[in-house]
Amino acid sequence: MKELFLIIGAPGSGKTTDAELIAKKHEDITHYSTGDMFRAEVASGSELGKEIDTYVSSGDLVPIKIVIQTIVTAIKNAPTDVIIIDGYP
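So, how was this worked out
- Residues numbered from 1 in each chain as written.
- Predicted model: local features only at pLDDT ≥ 70, side-chain atom pairs only at ≥ 80, totals over all residues.
- Heavy atoms only, no water.
- Helix = DSSP H or I, 4+ residues; strand = E, 2+ residues; numbered from the N terminus.
- Rg over C-alpha atoms; globule rule 2.2 N^0.38 Å.
- Buried < 20%, exposed > 50% of the residue type's maximum accessible area, 1.4 Å probe, protein only.
- Contact = heavy atoms within 4.5 Å.
- Areas by Shrake-Rupley, 256 points an atom, 1.4 Å probe, with all protein chains shown as cover.
- Lys, Arg positive; Asp, Glu negative; His and termini not counted.
- Charge placed at Lys NZ, Arg CZ, Asp CG, Glu CD.
- Core = buried A, V, L, I, M, F, W, Y, C linked by side-chain atoms within 4.5 Å.
- Pairing = 2+ DSSP bridges.
- Axes fitted to C-alpha atoms, helices over the stretch in contact; angles between N-to-C directions.

Engineer: Mind showing me how you'd approach the overall build of the protein here?
Structural biologist: Helix and strand counts for the protein come out as four helices and three strands. At 13 Å, the protein has a C-alpha radius of gyration in line with the 12 Å of a compact globule built from 89 residues. Once the C-alpha set of the protein is aligned to its principal axes, its extents read approximately 35 × 30 × 20 Å. For the protein, buried positions account for 34% of its 89 residues. The contacts of the protein with a sequence gap of at least 6 include a subset with a gap of at least 24, amounting to 63%. Carbon and sulfur atoms make up 58% of the accessible area of the protein, which amounts to about 5,900 Å² in all. One finds the centroid of the 8 positive side-chain charges in the protein at a distance of 1 Å from the centroid of its 13 negative side-chain charges.

Structure (structure tokens):
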């Protein structure tokens, strides 16, 4: 069973930095950043990436349905059972 930890906070509060430090110290933890996941999806040119880009390009928040879909996919494909996600809205 997967264990999920969310790091939340204001922009620039150190969420990604803290998550990266934790993941580096523990080989059994995978770190994902929602922003990085969205950028990778957009770069892939997929239909989902194109949809995400329409929101991001106009400065809007990505709808929660897409956020959850992206995170669930990452969790399912994570190489470890412990996952830290930063940037969750």
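Engineer: For this particular structure, what's the right way to read the nonpolar core?
Structural biologist: Across soluble globular proteins, nonpolar side chains show a tendency to be buried alongside one another. Ranked by internal contacts, the top residues of the largest apolar core, which has 14 residues, are Tyr32, Ile52, Val62, Ile71, Ile83 and Ile85. Only helix 2 (34-44), helix 3 (47-57), helix 4 (64-77) and strand 3 (82-86) provide two or more residues apiece to this core. The element that contributes the greatest number of residues to this core is helix 4, accounting for five residues. Setting aside its immediate chain neighbours within four residues, Ile83 contacts Lys2, Glu3, Leu4, Phe5, Thr30, Tyr32, Ile75 and Ala78.

Engineer: Sorry, what's going on with the sheet that holds strand 2 (residues 29-33) here?
Structural biologist: The strands making up a sheet are joined through hydrogen bonds of the backbone, oriented either antiparallel or parallel. Within the open sheet, the three strands sit side by side as 1-3-2. Their pairing is parallel. Whereas interior strands pair on both sides, the edge strands pair on one side only; in this sheet they are strand 1 (3-7) and strand 2. Shown here is a sheet whose adjacent strand axes are inclined to one another by a mean of 20°, direction ignored. The strands touched by helix 2 within the sheet are strand 2 and strand 3, with strand 2 carrying the most contacts at an inclination of about 70°.

Engineer: What am I meant to see in the environment of Tyr55 here?
Structural biologist: Turning to its location among the elements, Tyr55 is positioned in helix 3. For Tyr55, a relative accessible area of 25% translates into the label partly exposed. Separated by 41 residues in the primary sequence, Tyr55 and Gly14 have C-alpha atoms spaced 24 Å apart. In contact with Tyr55, other than residues within four places in its own chain, are Asp60, Leu61, Val62, Pro63 and Ile66.

Engineer: Help me out: how do you make sense of the pairing of strand 2 in this one?
Structural biologist: Consecutive residues of a regular strand have side chains that alternate between opposite faces of the sheet. Among the five residues of strand 2, five are classified as buried, and the element is accordingly described as predominantly covered. Residues of strand 2 alternate between two faces, with Ile29, His31 and Ser33 on one and Thr30 and Tyr32 on the opposite face, all of them buried. Direction of pairing for strand 2 relative to strand 3: parallel, over a ladder of five bridges. The residue bridging Thr30 from the neighbouring strand is Ile83, located in strand 3.

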